[in-house]
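Here is what each chain is made of, one letter per residue.
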Amino acid sequence: MDFGLKGRRALVMGASAGLGRACATALVKEGATVALCARGGDRLQATAEAMGAALAVPCDLSQPGAARALVREVVAKLGGVDILVINSGGPPPGGIESITDTQWQAGFQSLWMTAVDSIQEALPGMKAQGWGRIVLVTSTAAREALPNLTISNGLRAGLLGLVKTVSNEVGPHGITVNAALPGYHATDRMKDLGLTDEKVAPQIPARRLGRPEEFGALVAFLASEPAAYINGQSIACDGGALRGF
Ligand code: NAD
């Protein structure tokens, strides 16, 4: 299948490692011109060079205003953003009594305001050309709360409401907005949370962690030309782990 992505300009956030890197790699392989962002300069630059990305922009998405400045810089350097993949580092675990206000605010900034700000900045260009793809990387936690991931569970569930609302607004302009929900995938985030293959595989019908490139393939498809009629959806890539419909 031709994804129709040759020459499309994509911005993938949080892409020096893990799922973001896999999304960016998939888009580069499909012929898109890809810009990456992450906090650290060295790893980001090395990742961008290894995959053949066009641009690497250091950016800390936990800082107010960072996502807006990022989109503006990429628009200025690539001439526009046709595909926006919204992703950032996961928030820390913890129960309701242990999480500090600072952690809630950092989580809200990274997960929520990054989405709102980057969508607002990217939309005028997408609307002007009558084509755009926005994919939010969230989590299966948006549908089924995971133990002790209070910030993630709470904020990501709300993001699905944002996706649905914005999709109605932008659909008439040839723009789609969808959420891609990763289940357990083999990335640094899983190591940080102590979630090994042995611990989680028995709960997953596929009996293994996902490979980041399997998630990247879903995001590249949602960004593609043939996915033009898929809008406002939240689609899991989880080896069948979600129990609900
Ligand atoms: P990861 O930790 O492996 O990679 C995160 C990427 O984001 C890295 O490139 C990192 O440098 C970048 N990043 C982190 N904080 C940032 C910041 N403040 N500003 C800019 N860039 C930043 O994580 P991952 O496993 O790839 O997960 C990506 C997202 O998906 C996270 O929000 C995570 O919670 C969520 N998620 C992951 C899984 C999984 O199984 N890996 C499952 C569900 C949800």
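Above: the structure in question.
Here we summarise the structure given alongside this text. Each chain has its residues counted from 1, following the order in which its sequence is written. Totals for whole chains, interfaces and linings use all residues, but because this is a predicted model, local features are given only for residues with pLDDT of at least 70 and pairs of side-chain atoms are given and counted only at 80 or more. Hydrogens and water are ignored here; the side-chain numbers use all heavy atoms of the structure.

Observations concerning the environment of Thr-196
What counts, and what does not: Helix and strand labels come from DSSP, where a helix needs a run of H or I of at least four residues and a strand needs a run of E of at least two; each type is numbered from the N terminus. Per-residue accessibility, obtained with a 1.4 Å probe over protein chains only, is compared with the maximum for each type, and a residue is labelled buried under 20%, exposed over 50%, and partly exposed between these values.
If you trace the backbone, Thr-196 turns up in the loop between helix 6 (188-192) and helix 7 (197-200). Under the relative-accessibility criterion, Thr-196 is labelled partly exposed at 35%. Residues Thr-196 and Tyr-184 lie twelve residues apart in sequence; the distance between their C-alpha atoms is 9.4 Å.

Here we look at the side chain of Ser-139
What counts here: Contacts described as polar in this section are N or O atom pairs within 3.5 Å, which, within protein, must combine one atom able to donate a hydrogen with one able to accept it, while residues neighboring in sequence count only if both atoms come from side chains. Contacts are residue-level and defined by heavy atoms, with any inter-residue pair within 4.5 Å sufficient.
Take Ser-139: it is sitting in the loop between strand 5 (132-137) and helix 5 (150-170). Using a relative accessible area of 10% as the deciding quantity, one classes Ser-139 as buried. Among the polar contacts made by the side chain of Ser-139, one reaches the main-chain amide nitrogen of Ala-141 at a distance of 2.9 Å. Aside from chain neighbours lying at most four places away, what touches Ser-139 is Arg-156, Ala-180, Leu-181 and Pro-182.

Focus: the environment of Ala-35
Among the structural elements, Ala-35 can be located in strand 2 (residues 33-38). When the C-alpha atoms of Ala-35 and Leu-11 are compared, they prove to be 4.8 Å apart, with 24 residues separating the residues in sequence. Apart from the residues within four sequence positions on either side, Ala-35 is in contact with Ala-10, Leu-11, Val-12, Leu-55, Val-74 and Leu-78.

Structural notes on the pairing of strand 3 (residues 55-58)
Test applied: For two strands to be treated as a pair, DSSP must find at least two bridges joining them.
As paired strands, strand 2 and strand 3 are joined by four bridges and run parallel to one another. Bridge pairing in strand 3 links Leu-36 to Ala-56.

What to know about the site of the ligand
Note the threshold: If a single non-hydrogen atom of a residue is within 4 Å of a molecule or strand, that residue counts as near it. Using a 1.4 Å probe, accessible areas were evaluated by the Shrake-Rupley method; residue-level cover was limited to the displayed protein chains.
Taken together, the neighbourhood of the ligand is formed by 29 residues, with Leu-19, Ser-88, Arg-156, His-185 and Thr-187 sitting nearest. Within the side chain of Ser-16, a nitrogen or oxygen atom sits 2.8 Å from an oxygen atom of the ligand. Between the ligand and His-185 there is a distance of 2.6 Å, counted from an oxygen atom to a backbone nitrogen or oxygen. Coverage of the ligand by the protein amounts to 93% of the 820 Å² it exposes when considered alone. Counting only elements with at least two residues in the shell around the ligand, the list comes to helix 1 (18-29) and helix 6. Ranked by residue count, the leading element in the shell around the ligand is helix 6, at three residues.

Description of the packing of helix 1 against helix 8 (residues 212-222)
Put simply, the rule reads: What counts as an axis is a line fitted to C-alpha atoms, over the stretch in contact for a helix, and the angles between N-to-C directions run from 0 to 180 degrees. For this classification, under 35 degrees means roughly parallel, over 145 means roughly antiparallel, 65 to 115 means roughly perpendicular, and everything else is oblique. For any helix crossing, the convention is left-handed if the near helix is rotated counterclockwise from the far helix by under a right angle, and right-handed if that rotation is clockwise. Following the grouping adopted for this structure description, the nonpolar residues are Ala, Val, Leu, Ile, Met, Phe, Trp, Tyr, Cys and Pro, the charged ones are Asp, Glu, Lys and Arg, and the polar ones are all others, Gly among them.
Contact pair helix 1 / helix 8: the axes reach a minimum separation of 8 Å and the direction vectors enclose 55°. The orientation of helix 1 relative to helix 8 falls into the category oblique. Between helix 1 and helix 8 the crossing geometry is right-handed. Between helix 1 and helix 8, the contacting residues are Gly-18, Leu-19, Ala-22, Cys-23, Ala-26 and Leu-27 on the first element and Pro-212, Glu-213, Phe-215, Gly-216, Ala-217, Val-219 and Ala-220 on the second. Considered class by class, the residues forming the contact of helix 1 with helix 8 number ten nonpolar, two polar and one charged.

Considering the pattern of salt bridges
Convention followed: Salt bridges are defined by distance alone: a side-chain nitrogen of Lys or Arg within 4 Å of a carboxyl oxygen of Asp or Glu.
Across all of its chains, the model carries ten salt bridges by this definition. Through salt bridges with shared partners, a single network forms among Arg-68, Arg-72, Asp-117 and Glu-121.

Some words on unusual backbone geometry
The residue Asn-148 is not glycine, and still its phi comes out positive at about 70°. For Asn-148, a relative accessible area of 46% gives the class partly exposed. Positive phi, normally seen in glycine, also occurs at Arg-207, with a value near 60°. Tracing the backbone through its elements, the reader meets Arg-207 in the loop between helix 7 and helix 8.

Fair warning: the whole summary comes from geometry, so function is off the table for now.
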